[in-house]
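So the chains spell out like this:
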Amino acid sequence: MGGMKILTIIVGSVVAFAGLAAIGLRGGRAKVIGPSEIKPGLMVAVNSTGIGLFAARTAPGANIIFFDTGLDQDGHPLDALLRGFSATRDDVKDVFLTHGHFDHVSGAPLLTKARVHLGVADVPLAEGKVPPETLLPRVLGLVLQTQPVSINTPITGAGPVSFPVGVDVPGADPAKAKVVKAIPVPGHTPGSYAYLYDGVLIAGDIMILKQGRLEPTPSMFDPHPAQNLASIRSLKAALANETLETVCTAHGGCTPPGLGRNLLDDLIKRVGG
């Protein structure tokens, strides 16, 4: 069989798979599982076919922060999480996006009072100016017809960046504010970030949780696997002096409480760290 024929079969199979996946995603956009509590003040909801998004109230009476916003442009998973905090969309003041793919950013335009943080290298992706690098996400985005997302607070810098949160309560002591630590992890996308908040690592799509173990992103979704593995290895140094209890992936869920460090160290060791 000629090389061109094999390539045609492979591309056709990917497009067919993407079409079926898109039907499932489109039909499940408004579906929500949860919310459920990861720890006090931090909850997760699952949108559509297993897309996790996270919200936290940083202090009693404080505003809400989000990590990713799901696939639904009408905001059903956002609203489910907000109901869990007896809050509204206007109470959300910060949104931290792990990367620019449509299934993580589509709800962000609904949070009109929020600063929307995203790695600067992914801003063109979120804004619809460049397509995803791999074929499957590209086809899914076209079929689902997701809308561009404006980013008002790009994250820049080659190293971790800290954002104090929870200082919006009258009389709050800024010195006691909780911090979101943004860690650059390029590979899955150029501007991917993982976020450490209150002992929980929000890892986005640089890894998945499968059968109780953390694993690298499947190759069909990963345009730069070597770079992604290097980013996973870089977490060892970035988190060396931090409390890490739980790792939450966007597809697969969260590690059991207290096992995050051990399971992440196991993954890092298996990918050469």
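That block above? That's the structure.
Residues numbered from 1 in each chain as written. Predicted model: local features only at pLDDT ≥ 70, side-chain atom pairs only at ≥ 80, totals over all residues. Heavy atoms only, no water.

K.L.:
Is there a simple way to think about the overall build of the protein in this case?
P.N.:
Secondary structure assignment for the protein yields 7 helices and 15 strands. Burial statistics for the protein: of 273 residues in total, 47% are counted as buried. In the protein, 60% of the contacts between residues at least 6 apart in sequence involve partners at least 24 apart. (Helix = DSSP H or I, 4+ residues; strand = E, 2+ residues; numbered from the N terminus. Buried < 20%, exposed > 50% of the residue type's maximum accessible area, 1.4 Å probe, protein only. Contact = heavy atoms within 4.5 Å.)

K.L.:
Where do I start with the nonpolar core in this structure?
P.N.:
Proteins that are soluble and globular tend to have nonpolar side chains buried together. Grouped together as the largest cluster of nonpolar side chains are 24 residues, with contacts concentrated most on Ile64, Phe66, Val92, Val95 and Ile151. Mapped onto this core, the elements with two or more residues apiece are β2 (42–47), β3 (51–57), β4 (64–67), α2 (76–84), β5 (92–96), β6 (115–119) and α4 (123–126). Among the elements that line this core, the one with the most residues is α2, at 3 residues. Filtering out sequence-adjacent residues up to four positions away, isoleucine 151 remains in contact with Leu97, Val116, Leu118, Val123, Ala126 and Glu127. Within the second largest apolar cluster, 21 residues are counted, among which are Val185, Leu214, Leu235 and Val247. (Core = buried A, V, L, I, M, F, W, Y, C linked by side-chain atoms within 4.5 Å.)

K.L.:
What is the right way to read the sheet that holds β3 from this model?
P.N.:
Backbone-to-backbone hydrogen bonds pair the strands of a sheet. The strands run either parallel or antiparallel. Here we have 7 strands laid out as an open sheet, ordered β1-β2-β3-β4-β5-β6-β7, and mixed in their pairing. In the strand order of this sheet, the two ends are held by β1 (32–39) and β7 (153–155), each with one partner. The mean angle between the axes of side-by-side strands here comes to 20°, regardless of whether they run parallel or antiparallel. The sheet contact formed by β3 and β4 spans 4 bridges and is antiparallel. Looking at the pairing, arginine 57 lines up with isoleucine 64 of β4. Along the sheet, α2 contacts β1, β2, β3, β4 and β5; its crossing angle with β2, the most-contacted strand, is approximately 155°. (Pairing = 2+ DSSP bridges. Axes fitted to C-alpha atoms, helices over the stretch in contact; angles between N-to-C directions.)

K.L.:
For this particular structure, what's the right way to read α2?
P.N.:
Residues separated by three or four positions in an α-helix point in the same direction, a consequence of the helix having 3.6 residues per turn. Every buried residue of α2 is listed here: Pro77, Leu78, Ala80, Leu81 and Leu82. Turning to α2, the residues buried within the fold contact β1, β2, β3, β4 and β5.

K.L.:
So what exactly am I meant to see when it comes to helix α7 (residues 260–270) here?
P.N.:
All of the buried residues along α7 are Gly260, Leu263, Leu264, Leu267 and Ile268. Summarising the axial view, the buried residues of α7 lie within an arc of 140°, below the 170-degree limit, and thus occupy one face. Opposite its buried face, α7 presents the exposed residues Asn262 and Lys269, each directed more than 90 degrees away. On its buried face, α7 sits against β11 (200–204), β12 (207–210), β13 (213–216), α6 (225–238) and β14 (246–249). (Arc of directions from axis to C-beta.)

K.L.:
Looking at this model, I keep getting lost on the packing of α6 against α7. Mind explaining?
P.N.:
How two helices pack is summed up by the angle between their axes together with the distance between the axes. Running from N to C, α6 and α7 cross one another at 130°; their axes reach a closest spacing of 9 Å. Judged on the interaxial angle alone, α7 and α6 are oblique. Here α6 runs over α7; the crossing is left-handed. Where α6 abuts α7, its residues Ile232, Arg233, Leu235 and Lys236 lie against Leu264, Leu267 and Ile268. Broken down by class, the residue content of the contact of α6 with α7 amounts to 5 nonpolar, no polar and 2 charged. (Parallel < 35°, antiparallel > 145°, perpendicular 65-115°, else oblique. Left-handed = near helix turned anticlockwise from the far one by under 90°. Nonpolar A, V, L, I, M, F, W, Y, C, P; charged D, E, K, R; others polar.)

K.L.:
For this particular structure, what's the right way to read the state of the cysteines?
P.N.:
What makes a disulfide is a covalent bond joining the sulfur atoms belonging to two cysteines. Under the definition given, this model contains 1 disulfide. Across a sulfur-sulfur distance of 2.1 Å, cysteine 248 and cysteine 254 are joined as a disulfide pair. On the sign convention where negative means left-handed, the S-S torsion of about 110° between cysteine 248 and cysteine 254 marks this disulfide as right-handed. (Disulfide = S-S within 2.5 Å.)

K.L.:
Explain the pattern of salt bridges to me, please; I cannot follow it from the model alone.
P.N.:
For the structure on display, the rule yields 10 salt bridges. For the salt bridge of aspartate 198 with lysine 39, the shortest nitrogen-to-oxygen distance reads 3.5 Å. With aspartate 198 in the loop between β10 (193–197) and β11 and lysine 39 in strand β1, the pair connects residues that are 159 residues apart, well separated along the chain. Across the salt bridge formed by lysine 129 and glutamate 127, the nearest N and O atoms sit 3.2 Å from each other. Residue classification places lysine 129 among the exposed residues on the basis of a relative accessible area of 64%. Bridged by salt links that share partners, the residues Lys39, Lys178, Asp198 and Glu245 form one connected network. (Salt bridge = Lys/Arg side-chain N within 4 Å of Asp/Glu carboxyl O.)

K.L.:
I would appreciate a short explanation of the side chain of aspartate 103 in the present structure.
P.N.:
Examined against the element boundaries, aspartate 103 turns out to sit in helix α3 (residues 102–105). For aspartate 103, a relative accessible area of 12% puts it in the buried group. Non-local contacts of aspartate 103, meaning those with residues more than four positions away in its chain, are made with Ile51, Gly70, Leu71 and His251.

K.L.:
Explain the packing of aromatic side chains to me, please; I cannot follow it from the model alone.
P.N.:
Any aromatic ring pair is given by two values, namely how distant the centres are and how the planes are angled relative to each other. The full count for this structure, using the stated rule, is 6 aromatic pairs. Both rings, one in phenylalanine 67 and one in phenylalanine 96, keep their centres 5.7 Å apart while their planes meet at 25°; by these two values the pair is stacked. In this pair, phenylalanine 67 is assigned in strand β4 and phenylalanine 96 in strand β5, connecting sequence segments 29 residues apart. By relative accessible area, which is 0% here, phenylalanine 67 ends up buried. With a centroid separation of 5.9 Å and an interplanar angle of 45°, the aromatic rings of phenylalanine 67 and tyrosine 195 are classed as tilted. With phenylalanine 67 in strand β4 and tyrosine 195 in strand β10, the pair connects residues that are 128 residues apart, well separated along the chain. You can call tyrosine 195 buried: its relative accessible area is 0%. (Phe/Tyr/Trp six-rings, centres within 6.5 Å; stacked < 30°, edge-to-face > 60°.)

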